[in-house]
2 protein chains.
Amino acid sequence: MSNRYCVIMAGGIGSRFWPVSRPEKPKQFLNFFGTGVSLLQMTYERFARFFPEKNIFISTNIAYRELVMKQIPGIDASQILCEPRRKNTAPCIAYAVYRIMAMDSDAVIVVSPSDHLILKEDVFRDVLDKGLAFAEKNDALLTLGLKPTRPETGYGYIQIDDYCENGINKVKTFTEKPNRELAEVFVESGEFFWNSGIFIWSGKSITEAMGRYLPDIISRMEAEKGKFATEAEQEFINEIFPTFPNISIDFGLMEKASNVYVLCADLGWADVGSWDSLYEIAPKDHNGNVTQRRSLIYESSDNIVSVPTEKLAVIDGLDGYIIADSKNVLMICRRGDENRIRQIVNDVKDRFDGEYL
Amino acid sequence: MSNRYCVIMAGGIGSRFWPVSRPEKPKQFLNFFGTGVSLLQMTYERFARFFPEKNIFISTNIAYRELVMKQIPGIDASQILCEPRRKNTAPCIAYAVYRIMAMDSDAVIVVSPSDHLILKEDVFRDVLDKGLAFAEKNDALLTLGLKPTRPETGYGYIQIDDYCENGINKVKTFTEKPNRELAEVFVESGEFFWNSGIFIWSGKSITEAMGRYLPDIISRMEAEKGKFATEAEQEFINEIFPTFPNISIDFGLMEKASNVYVLCADLGWADVGSWDSLYEIAPKDHNGNVTQRRSLIYESSDNIVSVPTEKLAVIDGLDGYIIADSKNVLMICRRGDENRIRQIVNDVKDRFDGEYL
């Protein structure tokens, strides 16, 4: 029996993808590329080719339990970890780790977002193998790092000490969302890698690190860990989750711990986290427009157009816009600044009392 | 009994208002200003305050008969003149004139489009009175001319000889859709008026003029005029209409006849013929945007936004665009050139075989 486990985090609401991504069906559940499968389904399939299916867990909000069941038909209800509240990645990971450790105290665990694209699956499997082997042998917190291909300002960057042969390096610094100039220096230097948000560690190492850096979150889990993988688990989680701080594993732990390593690889990787990142990876026409099958484009370039499949989009004289038509919202907004979407979503919240979100 | 009649032409498909205006419900039937009444209803009410209701005829395509009946509940079926084919204004007017003349050979007739706004109704009624009185006494073809308020390139212009006191002048030239420079000269000169497309004439004068300039259209009407206002009329019209040339009354007759006069007035008039003309007359926010109740506008100016009422429009960084979201089409296109919409509609026709129109 394998002691290798995988946790897919699928609880976000994808607000950077509003208005296409909505709380009732966030982006990880959407069929973004016209392939007929969602990002979650692509992610699950990718891991199911590597891990035994019963070793794959999907962590999500209780509201999406049915969506997960529907999209991943083979999955057992016990493999869906349901959070009663959205609390960022640290509480999410803590819960998953305690569940898995309750079943297998020798577990090594890969934790992954549900909304990444990885085009080089063969390389990815080799990387998982190498990372899991390293985590089995070392008290190390490993994150996957990607060689940056452009000065992206929306990602986190990891600086490494000295590049070593096997691709596993000690982390020197983390830098979240640098400005354009800094991002350009990072990419030039060759010392910086994109932080994928995919982690590999042993249950023991991460439990120990959480005990040190995230006591608020794990003190009660540790005290009552006998409840995990029992019928008492969900009620316990429902009780303690609302008390947790809203904190990411990067900020709360990875940037503080001393045994953090990065496994650098070229995976044909992309975060489909925002309109800008989708624009970067999507196929484009010769003027740099990302559109669908049925559109008429005049004197326009570098746009990303997303309208319902039955709809014709006619675009004239636009350069560098996001055009998103979804349900009760039409948004036309300049590309290239994720904060614009955040601002818009906040304004919609303020102005219309949650309607349209 | 009044021998004053009115014909409202409501057979167009409003393609310059695509995608909001569609063949199954063209712009004259739409509630454009959120007033709850359509342009046709506004036009009918305006004339019904001046003419006896039974003297008002609505000329339309057979396809819109039910729509007219529904929107003008008081109207008798015999007052709706149904064309089996769309053939521009000359055949439309010829049919209406022959129908009215069959009932009243002393008729004086006002012919009007169904998609104009007239804000100064009192002035309009005085103008109708003056124009009808002139047409009763003179063998004259009268068109209403409006003092231009801007160098509009989408309208027809009428040059007058010398401005005379009573406002009725001999026409010197017609100029359709001048370019910007020419339009500016026209407006500066004070000699040019917009051609409203509202005509006033006696049945005798227009019949005589049509006999000279439009023999293709009226020869059979004249030969079999006994059929008008009888049960044989519709069948006769259905038979002859398809044989008619597609020609406007302006091009086919008004620009050729020598007894053409223009009655100049300030009516608070606007042609709601196109997105640009709607933009000109619609209320705007302080940045010149025409939007609906629910929208979020960032750093944008001079746009016209039309989305379904239940939809929120979010617009960022756009200046001078038409944004029209209607049924199965989203169109975003630069304002200020009607030909762009024509081009788009033609391209949609060519590319998608009539779908989306």
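Computed from a prediction, not measured in an experiment: that's the story for all the values here. (Residues numbered from 1 in each chain as written. Chains lettered and ligands numbered in written order. Predicted model: local features only at pLDDT ≥ 70, side-chain atom pairs only at ≥ 80, totals over all residues. Heavy atoms only, no water.)

Novice: Any chance you could explain the interface of chain A and chain B here in plain terms?
Specialist: Size of an interface, as often reported, equals the accessible area lost when the parts are brought together. Listed as interface residues are 36 residues of chain A and, on the opposing side, 36 residues of chain B. Each partner contributes to the roughly 3100 Å² buried at the junction of chain A and chain B, and carbon and sulfur atoms together form 55% of this total. If you look at where chain A meets chain B, you find 10 salt bridges. Residues Glu 299 of chain A and Arg 334 of chain B are paired through a salt bridge, measuring 3.0 Å at the closest nitrogen-oxygen approach. Put simply, chain A and chain B have 24 residue pairs in polar contact (both at pLDDT 80 or more) between them. For the side of chain A that touches chain B, the secondary structure elements donating two or more residues are strand E12 (295–298), strand E14 (312–316), strand E15 (321–326), strand E16 (329–334) and helix H11 (338–352) of chain A. Looking at the side of chain A that touches chain B, the element that brings in the most residues is H11 of chain A, giving seven residues. Residue composition of the side of chain A that touches chain B, by class: 20 nonpolar, four polar and 12 charged. (Contact = heavy atoms within 4.5 Å. Buried area = accessible area lost by both parts, 1.4 Å probe. Salt bridge = Lys/Arg side-chain N within 4 Å of Asp/Glu carboxyl O. Polar contact = N/O pair within 3.5 Å; in protein donor to acceptor, adjacent residues only side chain to side chain. Helix = DSSP H or I, 4+ residues; strand = E, 2+ residues; numbered from the N terminus. Nonpolar A, V, L, I, M, F, W, Y, C, P; charged D, E, K, R; others polar.)

Novice: How should I be thinking about the relation of the copies chain A and chain B in this particular structure?
Specialist: The relation between the two copies of this chain is a rotation about an axis and a shift parallel to it. Aligned on chain B, chain A shows an RMSD of 0.1 Å; the corresponding rotation is 179° and the shift along the axis is 0.2 Å. Such a turn and shift between the copies fits a two-fold axis. Of the residues that chain A buries at the interface, 100% are likewise interface residues in chain B, meaning the two copies contact each other through the same surface. (Least-squares fit on C-alpha atoms with pLDDT ≥ 70 in both.)

Novice: Can you help me understand the layout of surface pockets in this one?
Specialist: Residue and element names in this part refer to chain A. Looking at the largest pocket, its volume works out to about 1500 Å³. As for the largest pocket, its lining consists of 50 residues, and the residues nearest its centre are Gly 12, Arg 16, Lys 27, Asn 88 and Thr 89. At the level of elements, strand E2 (56–61), helix H3 (89–103), strand E9 (192–202), helix H9 (249–254), strand E11 (269–271) and H11 are the ones that each hand at least two residues to the lining of the largest pocket. For the lining of the largest pocket, the element with the highest residue contribution is H11, accounting for five residues. Taken together, the residues of the lining of the largest pocket break down into 15 nonpolar, 21 polar and 14 charged. (1 Å grid on protein atoms, 1.4 Å probe; cavity = no way out; pocket = protein on both sides within 12 Å on 5 of 7 lines; lining within 4 Å. Points joined across faces, edges and corners; volume = space filled by probe spheres on them.)

Novice: I tried to follow the packing of aromatic side chains on my own but got confused; where do I start?
Specialist: Centre-to-centre distance and the angle between the planes together describe a pair of aromatic rings. Counting across every chain of the model gives 36 aromatic pairs over all chains. Here Phe 47 of chain A and Phe 124 of chain A contribute two aromatic rings whose centre-to-centre distance is 5.6 Å and whose plane-to-plane angle is 65°, an arrangement assigned as edge-to-face. Separated by 77 residues along the polypeptide, Phe 47 of chain A in helix H1 (residues 39–48) and Phe 124 of chain A in helix H4 (residues 121–137) bring together distant segments of the chain. An aromatic cluster is defined as three or more aromatic residues linked by ring pairs; in this entry it consists of Tyr 95, Tyr 98, Phe 228, Phe 236, Phe 241 and Phe 244 of chain A. The ring of Phe 251 of chain B carries the charged tip of Lys 256 of chain B above its face, separated from the ring centre by 5.3 Å. (Phe/Tyr/Trp six-rings, centres within 6.5 Å; stacked < 30°, edge-to-face > 60°. Lys NZ or Arg CZ within 6 Å of the ring centre and 35° of its normal.)

Novice: For this particular structure, what's the right way to read the sheet that holds strand E15 (residues 321–326) of chain B?
Specialist: One open sheet accounts for five strands, arranged E12(A)-E14(A)-E16(B)-E15(B)-E13(B); its pairing is mixed. At either margin of the open sheet sits one strand with a lone partner, and together these are E12 of chain A together with strand E13 (304–306) of chain B. If you compare each strand with its neighbour and ignore which way they point, the axes differ by 5° on average. Running at roughly 140° to E12 of chain A, helix H11 (residues 338–352) of chain B makes contact with E12 and E14 of chain A together with E15 and strand E16 (329–334) of chain B of the sheet. (Pairing = 2+ DSSP bridges. Axes fitted to C-alpha atoms, helices over the stretch in contact; angles between N-to-C directions.)

Novice: Just to check I follow, could you spell out H11 of chain B for this structure?
Specialist: Counting along an α-helix, one turn takes 3.6 residues, and residues three or four places apart therefore face a common direction. In this model H11 of chain B runs 21 Å from its N-terminal to its C-terminal C-alpha over 15 residues, within 8% of the 21 Å that 1.5 Å per residue would give. Among all positions in H11 of chain B, only Glu 338, Ile 341, Ile 344, Val 345, Asp 347, Val 348 and Phe 352 of chain B are buried. The inward-facing, buried residues of H11 of chain B contact E12 and E14 of chain A together with helix H10 (275–281), E15 and E16 of chain B. At the C-terminal side of H11 of chain B, Asp 353 of chain B shows a positive phi close to 55°. (Expected span 1.5 Å × (residues − 1). Buried < 20%, exposed > 50% of the residue type's maximum accessible area, 1.4 Å probe, protein only.)

Novice: Even after reading the chapter, I still don't get the pattern of salt bridges, so can you show me in this structure?
Specialist: Close approach of charged atoms allows side chains with opposite charge to pair. On inspection of all chains with the given rule, the structure shows 54 salt bridges over all chains. One salt bridge connects Glu 121 of chain A with Arg 46 of chain A, and the closest N-O pair in it is separated by 3.7 Å. Residue Glu 121 of chain A is located in helix H4, and its partner Arg 46 of chain A is located in helix H1; the two are separated by 75 residues in the primary sequence. Like Glu 121 of chain A, the residue Arg 46 of chain A is buried in the burial classification. Where Arg 4 of chain B meets Glu 136 of chain B, a salt bridge forms, and the shortest distance between an N and an O atom there is 3.2 Å. A residue pair is termed long-range when its members are at least 10 positions apart, and Arg 4 of chain B in strand E1 (residues 4–9) and Glu 136 of chain B in helix H4 (residues 121–137) qualify at 132 residues. With relative accessibility at 17%, the residue Arg 4 of chain B sits in the buried group. Residues participating in the shared-partner salt-bridge network are Arg 46, Arg 49, Glu 121, Asp 122 and Arg 125 of chain A.

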